[in-house]
Amino acid sequence: NTINGNALAITGTASTVSHALDTPKASIPFVRATGSSGAGVSCGWKETSNFNTSLIQGFDYVFIYSPGDNTASSRGFVGLYGTTGVIPNLDPSTFLFYNVGLGHDTSDTNLQIMHNDSSGTSTKVSLGAYFPANDNTKVYLLRLRCEPVTTPVNAVINWKVVELVNKKIATGVITTNLPHNISTLSSNMTHTIWRNTGSNVTVPIIDFSKIFLKRLR
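Per chain, the residues get numbers from 1 upward, laid out in the order the sequence is written. At least 70 in pLDDT is required for a residue's local features to be given in this predicted model, at least 80 for side-chain atom pairs to be given and counted, and no such filter applies to totals for whole chains, interfaces and linings, which use all residues. Hydrogens and water molecules were not included; the side-chain quantities draw on all heavy atoms of the structure.

1. Some details on the overall build of the protein chain
Here is step 1 of the chain: Numbering goes from the N terminus for both helices and strands, where a helix is a DSSP run of H or I of at least four residues and a strand is a run of E of at least two. Broken down by element type, the protein chain carries one helix and 15 strands.
Here is step 2 of the chain: Sequence-distant contacts in the protein chain: of pairs separated by 6 or more residues, those separated by 24 or more amount to 66%.
Here is step 3 of the chain: Working definition of accessibility: Shrake-Rupley area with a 1.4 Å probe, residue cover restricted to the visible protein chains. Put simply, the protein chain shows about 9,000 Å² of open surface, and 53% of that area lies on carbon and sulfur atoms. Residue contacts are counted whenever heavy atoms from the two residues lie within 4.5 Å of one another.

Structural data, given as structure tokens:
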């Protein structure tokens, strides 16, 4: 798999999900990543090199995914992350730098918009009960759009999340704790799809359907 010419490296085993018309999720084509059984085990995909975009250039990003398992107290993150490195076995809000996306820590029952600069913890915005983090019947569309700017600290990221099964929508704007490097005024980001079992001795699964990522300048 590739995105914008960059390889997507898988953690776990890739497979396709059976396509049918009997449920809303089954009617959407998905590719699945399945990890091994165990505590602190991850699965998903990550770009092997930085996609050359930043807040200065602007971007338009759309992604459709679904949790593949329904294990409570799992961890996850889908979005843009400022490194190609391996994601550790930790809650994503505690270690993700230069990130913006949709995630959840082990204590979160609902999905959160997460965003962070070069230090500290991520700002989290809970999407509420219509957006459960660990329900494998739900399908989520995430859109992030940032218009080009001359100075990253002036950037505005508009976000929208749609739960496609029940047509629930959440929207918002990010103007602080932005994913950029203060010293270089920009940060190249990589596409990340990640799910982790936390302390559960289970099998992590995550499904994705569509990815669109475009620089605006």
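Moving on from the coordinates now.
2. A few points about the environment of Gly 68
Here is step 1 of the chain: Relative to the elements of secondary structure, Gly 68 occurs in the loop between strand S6 (59-67) and strand S7 (75-81).
Here is step 2 of the chain: Since its relative accessible area comes to 9%, Gly 68 is described here as buried.
Here is step 3 of the chain: Taking the C-alpha atoms as reference, Gly 68 lies 5.5 Å from Asp 207; in sequence the two are 139 residues apart.
Here is step 4 of the chain: Setting aside its immediate chain neighbours within four residues, Gly 68 contacts Lys 25, Arg 32, Asn 136, Ile 205, Ile 206 and Asp 207. Residue exposure (1.4 Å probe, protein chains only): buried if accessible area is under 20% of the type maximum, exposed if over 50%, otherwise partly exposed.

3. Some details on the confidence of the model for the protein chain
Here is step 1 of the chain: Along the chain, pLDDT gives the predictor's confidence residue by residue, from 0 to 100. Scored by pLDDT, the protein chain comes out at a mean of 88, with 91% of its residues at no less than 70.
Here is step 2 of the chain: Every residue in residues 182-186 scores below 50 in pLDDT, and together they form seven contacts with partners more than four places removed in sequence or on other chains.

4. Side note on the environment of Lys 25
Here is step 1 of the chain: Considering the arrangement of structural elements, one finds Lys 25 in the loop between strand S3 (13-16) and strand S4 (31-34).
Here is step 2 of the chain: The class of Lys 25 is buried, set by a relative accessible area of 11%.
Here is step 3 of the chain: When the C-alpha atoms of Lys 25 and Val 165 are compared, they prove to be 7.2 Å apart, with 140 residues separating the residues in sequence.
Here is step 4 of the chain: Apart from the residues lying within four places of it in its own chain, the contact partners of Lys 25 are Phe 30, Arg 32, Ser 66, Pro 67, Gly 68, Asn 136, Thr 137, Val 139 and Asp 207.
Here is step 5 of the chain: Polar side-chain contacts of Lys 25 include one of 3.2 Å to the backbone oxygen of Pro 67. Any pair of nitrogen or oxygen atoms within 3.5 Å is treated as a polar contact; in protein, a donor-acceptor pairing is required on top of that, and neighbouring residues in sequence qualify only through side-chain atoms on both sides.

5. A few points about the pattern of salt bridges
Here is step 1 of the chain: A carboxyl oxygen of Asp or Glu within 4 Å of a side-chain nitrogen of Lys or Arg is what we treat as a salt bridge. Scanning the model with the defined rule gives ten salt bridges in all.
Here is step 2 of the chain: The salt bridge involving Lys 25 is made with Asp 207; its shortest N-O contact spans 3.0 Å. With Lys 25 in the loop between S3 and S4 and Asp 207 in strand S15 (residues 205-215), this pair connects stretches of sequence that are 182 residues apart.
Here is step 3 of the chain: Accessibility expressed as a relative area gives 0% for Asp 207, which makes it buried.
Here is step 4 of the chain: The partner of Asp 60 in a salt bridge is Arg 145, with the nearest N and O atoms 3.0 Å apart. On the criterion of sequence distance, the pair formed by Asp 60 in strand S6 and Arg 145 in strand S11 (residues 140-146) is long-range, its members being 85 residues apart.
Here is step 5 of the chain: Judged by relative accessible area, Asp 60 falls into the buried class, the value being 7%.
Here is step 6 of the chain: Given a relative accessible area of 29%, Arg 145 falls into the partly exposed group.

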